[in-house]
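Coordinates in review
This is what each chain is made of:
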Amino acid sequence: MDRKTILTELKKVLAPYTENKEMLDGINEDTDLIRDLKINSANLVDIIIDAESTYNIEIDFDSADRMYKVGSCIDVIIEKMNQSA
Amino acid sequence: MRSTGNDIVALALVNKQRTSQFRFYSKILSVSEQKLYHQPELQQLPFENYVWLLWSVKESAYKYLKRLDPTLIFSPTNIIIQHIVIPGLSFDESVAAQWESTCEDAGLYSGKVVHGPHTLYFRAKINEAWIASVVNDDECFDHVCWGVKSIDNAGYKYQSLEARLALINKLNGFLQGDLRIEKSSVGYPVIVNYDEETGVPASLAHDGYFVAYSFVLSSDIVLT
């Protein structure tokens, strides 16, 4: 799965947690989940759990700390998918 | 450098079932905090409230420390609550449209939170609608002013505006002038009076239909 495909899937994971749908449509790897998408930090764990289910991976504490920008989310997802392959 | 940090969790937005799943709460609670819940005094607190109480305190501590170290990344399991004191009063079922801290409030949770070399102290209030918390670097909270207000619209822009308004309205009781709030490059609020920074550390939070604020008064003003 390439980065572009993961980004498209990631939009679906993020959608329930942002009211900024316009920004969500145009996200790129530099988009910050809290600052740009206005996602409440209390939903970050929800997003991590949803990403685990979507990609059938397990995201540990250290990796979860990196999931604040779309690009780093994709890095973590690819890393974990490769580990479980 | 003085600092403050606060947070609020709207309990109506909490997914109780998900919160009670290990794979969820283990991303928030450290192993020692999972064990801490088994102390008998804490059993009166529903587990989902325990998880979100600790989340809230960790958020507050993060906001406090972020002002001191702008490079800090929020890592819930690395901010450790070591000790929790249960309030003397039983669970507060009343949900007022507006709540403000007082020195005599016997209905507050309190305790110690540690991140690396930093030791902070917290106060927290829980009722049916929300969990609010604030942290300080001293066990005495006589100079820490914090409060919660309900709002009519849970849209992000409205939440942000109402949180700022609640803070300014409360600050106006202590500082005279033309107060307004700017945002630092890191993201925390900066209180400005007649275009000059006041040096009053402040923090804002919102979730669902609630906004919350905290600020620290100078040592010559004591909260009553």
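Throughout what follows, the structure given in this document is the object of discussion.

Conventions we followed
Residues numbered from 1 in each chain as written. Chains lettered and ligands numbered in written order. Predicted model: local features only at pLDDT ≥ 70, side-chain atom pairs only at ≥ 80, totals over all residues. Heavy atoms only, no water. Helix = DSSP H or I, 4+ residues; strand = E, 2+ residues; numbered from the N terminus. Buried < 20%, exposed > 50% of the residue type's maximum accessible area, 1.4 Å probe, protein only. Polar contact = N/O pair within 3.5 Å; in protein donor to acceptor, adjacent residues only side chain to side chain. Contact = heavy atoms within 4.5 Å. Phe/Tyr/Trp six-rings, centres within 6.5 Å; stacked < 30°, edge-to-face > 60°. Lys NZ or Arg CZ within 6 Å of the ring centre and 35° of its normal. Pairing = 2+ DSSP bridges. Patch = residues over 30% accessible without salt bridge, like charges linked within 9 Å, V, L, I, M, F, W, Y side chains within 5 Å. Areas by Shrake-Rupley, 256 points an atom, 1.4 Å probe, with all protein chains shown as cover. Salt bridge = Lys/Arg side-chain N within 4 Å of Asp/Glu carboxyl O. Lys, Arg positive; Asp, Glu negative; His and termini not counted. Charge placed at Lys NZ, Arg CZ, Asp CG, Glu CD. Buried area = accessible area lost by both parts, 1.4 Å probe.

Remarks on the side chain of Ser63 of chain A
Residue and element names in this part refer to chain A. As for its placement among the helices and strands, Ser63 is situated in helix H4 (residues 61-64). Given the relative accessible area of 4%, Ser63 is considered buried. A polar atom in the side chain of Ser63 sits 3.2 Å from the side chain of Lys80. The residues contacting Ser63, other than those within four sequence positions of it, are Val76, Glu79 and Lys80.

Quick word on the packing of aromatic side chains
All names here are of chain B. Under the criterion given, the structure shown has 13 aromatic pairs over all chains. Ring geometry for Phe174 and Phe215: centres 5.9 Å apart, planes at 70 degrees, overall edge-to-face. Of the two residues, Phe174 sits in the loop between helix H5 (156-171) and strand S8 (179-183) while Phe215 sits in strand S11 (residues 210-216), which places them 41 residues apart along the sequence. With a relative accessible area of 26%, Phe174 lands in the partly exposed category. Note on Phe215: relative accessible area 0%, which makes it buried. When the ring centre of Tyr188 is taken as reference, the NZ or CZ atom of Arg67 above it lies at 4.1 Å.

Things to note about the pairing of strand S6 (residues 130-136) of chain B
Residues and elements named next belong to chain B. With seven of seven residues buried, S6 lies mostly within the body of the structure. Of the two faces of S6, the one lined by Trp130, Ala132, Val134 and Asn136 and the one lined by Ile131, Ser133 and Val135 are each fully buried. Two strands pair when backbone bridges link them, and strand S1 (residues 5-10) and S6 are joined in this way by six bridges, in the antiparallel orientation. Paired with Ile8 across the strands is Ala132, a residue of S6. Direction of pairing for strand S5 (residues 118-126) relative to S6: antiparallel, over a ladder of six bridges. The residue bridging Ala124 from the neighbouring strand is Ser133, located in S6. Adjacent in sequence and paired antiparallel, S5 and S6 are bridged by three residues.

Some remarks on a negative patch on the surface
The grouping of Asp137, Asp138, Glu139 and Asp142 of chain B at the surface amounts to a negative patch. Mapped onto the fold, Glu139 of chain B is located in the loop between S6 and strand S7 (144-150).

Section: the interface of chain B and chain A
The partner chain A presents 18 residues to the 22 residues of chain B that form the contact. Note on chain B versus chain A: buried area summed over both sides is about 1700 Å², and carbon and sulfur give 51% of it. It is Arg18, Lys27 and Tyr156 of chain B in chain B that bury the most area against chain A; as a group they hold 35% of the surface buried on that side. For the pair chain B and chain A, the number of links is four salt bridges.

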